[in-house]
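Residue-level listing of the chains:
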Amino acid sequence: MELPVTTPDSGGRKKVSYTIETRNLSYVLPSLYDEFSWIFYCKNPKRPQKFIIKDVNCEARPGEITAIAGPSGAGKTTLLEILAGKISPTKATGQVLVNGHPVNAKCFRRLSGYVTQEDALFPLLTVEETLMYSALLRLQGGKTESANRVGVLIKELGLEHVAGSRVGGSNRGISGGERRRVSIGVELVHDPAVILIDEPTSGLDSASALHVISLLQEMVAHQGKTIVLTIHQPGFRILELFDRLVLLSNGCVVHNGSLEYLEERIKFSGLQIPPHINVLEFAIDVTGSIVIRTSETPNIHFHLKDHGEKKVSLTTSKHNDMVEKCPSYSNSHIEEILILGGRFCKNIFRTKQLFATRIIQALLAGFILGSIFMNVDNNLGKVALQTRLGFFAFSLTFLLSTMTEGLPIFLQERAILMRETSRGAYRVSSYVVANTFVFLPFLLMVGLLYTVPVYWLVGLRQNMDGFLYFVMVVWMVLLMSNSFTACFSALVPNFIMGTSIIAGLMGSFFLFSGYFLSKEKIPNYWIFMHYLSLFKYPFECFLINEYGGKGGKRCLESERGECKLFAIDFLRQQDLKESHKWSNLAVMLCFILGYRVLCYLILWCRCYRTRN
């Protein structure tokens, strides 16, 4: 691979720098048919293609900031996403070359840093913690090296005064400019040689925007990095910091060179730049008057010979160094799980509103339900039995429905997961396992807070083994609901659709649980829903725990002093056996693991599609 520039790192070793080049690069807007073409067997009907970028030839060099500019819809972000590997180069025509060789998208994503326009950060972590967790996941030296790297990075980014402040959202936390620098820092912890940033100044005031670009210019000057960014209409002071401009219009390159050469071209075209308007702003307004050169023009290899271009000597190696040095994951599975688990714990315990609400909700629900159904079983008869069954049914409805509150958190984490795994920070399996283990003690605590008051107030079986079994069932119910929510949060595109699907399925599970209709009365074509119901198995566990075992001789209905229905007979009517007490728990455990495996497969497929 060509090594145009080498810069020494802290260890005195030579670091490879990268030149990125595109040749006749084009990308067509994919149609709905293309997305689902695997479903159809007929040929795609011929339709006019809509090019987002067409025959783009440009270059980004080490030690330079290359800015991709142009009006809205010109194709800036699409070009950057192809360079960053977010859109696979195989989906575009033409070539993307790194040091003269076809890009290996998987390796290049791990070697480079890509900062999206939206800041996908955890709002409850501090600036230092955000960078620290990123460093732990991307570096191999452990906590010591990560802490040293984060300390240096915080100074370079000018974030010392907010290092202990929480990132926050749009209204609270650090400022927009500081948050933007944190997003850049997250991608800089592994010291990439190439940095690609989408709209680094978007939403910032002029001072904050200038500060961000100045930091990037310092990295170029002192570290020889290759920086490519998109920008809409920068101010004059920001514009002077760019080494190379790639001006796009309707997906085609209008200009590729320095700012001075752009000004020469505008004047050569017979146009006069008005005072108080910078060159780029004027060029964007008059792009139609500037000659566009593509591969279809006589100058087949588009390369504007800028008078101010730097002469850089190139050396070619026989093998692709980037492939040889393609980094693997920095940590083992266990280390990734521990790091991600620590981050999950901090986010959960710092979500004070949700955390406090869940605790208070569990306690209040336990006391209120306990006071409503207090000692109902002291009376015999069908009414008392139906009341007790109603208590079990309502308890399950409450326990299973409250877990859907975590859907927004799962969706927020998914966006960060997609970004981090696409850059090779950790494995999807480590994320799913860490997420599962973190919720085990938290949900056990919630289950205990609900069970302790409600069990004794309602007057269920007055022995410790019955109480402990009830706690275990409640805990399994909460874990099932949590796994179910995690699975569908990986599948649905947004919060609104997620709540609709989850609420609809929960209602269906309740309908087919056996509480409203017995299994014999459910139509054969719906019987599968009975066995898939999350309500069925814990509901049966509650019945067996209450009316089975030593309590099987209890009288549930009597007439004129004679018992007409014993507890064991009631269980036989429900087609329940004592052995179902543990087999149902095994089925619930399979549900928990099954939904987690589905969650992993869905997330893996999403990440795979992102990578490929």
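Here the residue index of a chain counts from 1 through its sequence in written order. Under the rules for a predicted model, residues below a pLDDT of 70 receive no local features and side-chain atom pairs below 80 are neither given nor counted, while totals for whole chains, interfaces and linings still include all residues. Where side-chain values are given, they derive from all heavy atoms of the structure, hydrogens and water being excluded.

Quick look at helix 15 (residues 407-422)
Logical step 1: Helix numbers and strand numbers start at the N terminus; a helix is a DSSP run of H or I with at least 4 residues, a strand a run of E with at least 2. In this scheme, a helix's expected span is set at 1.5 Å multiplied by one less than its residue total. Between its first and last C-alpha, helix 15 extends 22 Å over 16 residues, near the 22 Å set by a 1.5 Å rise per residue.
Logical step 2: Partly exposed residues are those whose accessible area sits between 20% and 50% of the maximum for their type, while under 20% is buried and over 50% is exposed, using a 1.4 Å probe and protein chains only. With 12 of 16 residues buried, helix 15 is to be regarded as a mostly interior element.
Logical step 3: Every buried residue belonging to helix 15 is among Leu-407, Phe-410, Leu-411, Glu-413, Arg-414, Ile-416, Leu-417, Met-418, Arg-419, Glu-420, Thr-421 and Ser-422, and all of these are buried.
Logical step 4: Of the residues trailing helix 15, Gly-424 is marked for its positive phi of about 80 degrees.

Concerning the sheet that holds strand 5 (residues 64-69)
Logical step 1: Two strands are said to pair when DSSP picks up at least two bridges between them. Spatial ordering of the open sheet is given by 8-9-10-5-11-12, a layout of six strands whose pairing is mixed. Lying at the two open borders of the sheet, with one neighbouring strand each, are strand 8 (112-115) and strand 12 (252-257). Each strand axis lies, on average, 15 degrees off the axis of its neighbour in the sheet, ignoring direction.
Logical step 2: Bridge count for strand 5 against strand 11 (residues 244-249) is four bridges, and the pairing is parallel. Looking at the pairing, Thr-66 lines up with Arg-244 of strand 11.
Logical step 3: By the convention used here, residues are in contact when the closest approach between their heavy atoms is within 4.5 Å. Helix axes are fitted to C-alpha atoms over the stretch in contact, other axes to C-alpha atoms as well, and angles between N-to-C directions run from 0 to 180 degrees. Across the sheet, helix 9 (residues 259-268) touches strand 11 and strand 12, and the angle it forms with strand 12 is around 120 degrees.

Re the environment of Phe-510
Logical step 1: Positionally, Phe-510 belongs in helix 18 (residues 495-511).
Logical step 2: Setting aside its immediate chain neighbours within four residues, Phe-510 contacts Ala-393, Thr-397, Tyr-515, Phe-516, Ser-533 and Phe-535.

Here we look at the UniProt feature "transmembrane region" (unreviewed entry) in the chain
Logical step 1: UniProt positions are given in the numbering used here, feature names are shortened, and annotations may be inferred rather than shown by experiment. In the numbering used here, UniProt assigns the "transmembrane region" (unreviewed entry) feature to residues 355-374, 389-411, 432-455, 467-488, 495-517 and 585-605.
Logical step 2: Secondary structure across residues 467-488 comprises 100% helix and 0% strand; the distance between its end C-alpha atoms is 32 Å.

Comments concerning the confidence of the model for the chain
Logical step 1: Confidence of the predictor at the level of single residues is given by pLDDT, which spans 0 to 100. Overall, the prediction assigns the chain a mean pLDDT of 80, with 84% of residues at 70 or greater.
Logical step 2: This stretch, residues 291-324, has a pLDDT under 50; its non-local contacts, to residues over four places away or in other chains, come to 70 contacts.

Thoughts on the pairing of strand 11
Logical step 1: Most of strand 11 is tucked away: six of the six residues are buried.
Logical step 2: Residue alternation in strand 11 divides its side chains into two sets, Arg-244, Val-246 and Leu-248 and Leu-245, Leu-247 and Ser-249, and both sets are buried.
Logical step 3: Bridge analysis of strand 11 against strand 12 gives five bridges, and the strand direction is antiparallel. Directly across from Leu-247, in strand 12, lies its bridge partner His-255.
Logical step 4: Hairpin remark: strand 11 followed by strand 12, antiparallel, with two residues in the connecting loop; positive phi at Asn-250, about 55 degrees.

Thoughts on the pattern of salt bridges
Logical step 1: Salt bridges are counted wherever a side-chain nitrogen of Lys or Arg sits within 4 Å of a carboxyl oxygen of Asp or Glu. Under the defined criterion, the tally for this structure stands at 16 salt bridges.
Logical step 2: Residue Lys-346 is joined to Glu-129 by a salt bridge in which the shortest nitrogen-to-oxygen separation is 3.2 Å. Separated by 217 residues along the polypeptide, Lys-346 in helix 12 (residues 333-350) and Glu-129 in helix 4 (residues 127-138) bring together distant segments of the chain.
Logical step 3: Judged by its relative accessible area of 31%, Lys-346 is partly exposed.
Logical step 4: Glu-129 gets classed as buried once you look at its relative accessible area, which sits at 15%.
Logical step 5: Note that Glu-129 and Arg-350 form a salt bridge whose closest N and O atoms lie 2.6 Å from each other.

Topic: helix 2 (residues 76-84)
Logical step 1: Summarising burial for helix 2: eight of the nine residues are buried, a large majority.
Logical step 2: If you check which residues of helix 2 are buried, you get Lys-76, Thr-78, Leu-79, Leu-80, Glu-81, Ile-82, Leu-83 and Ala-84.
Logical step 3: A positive phi of about 85 degrees marks Gly-85, the residue just after helix 2.

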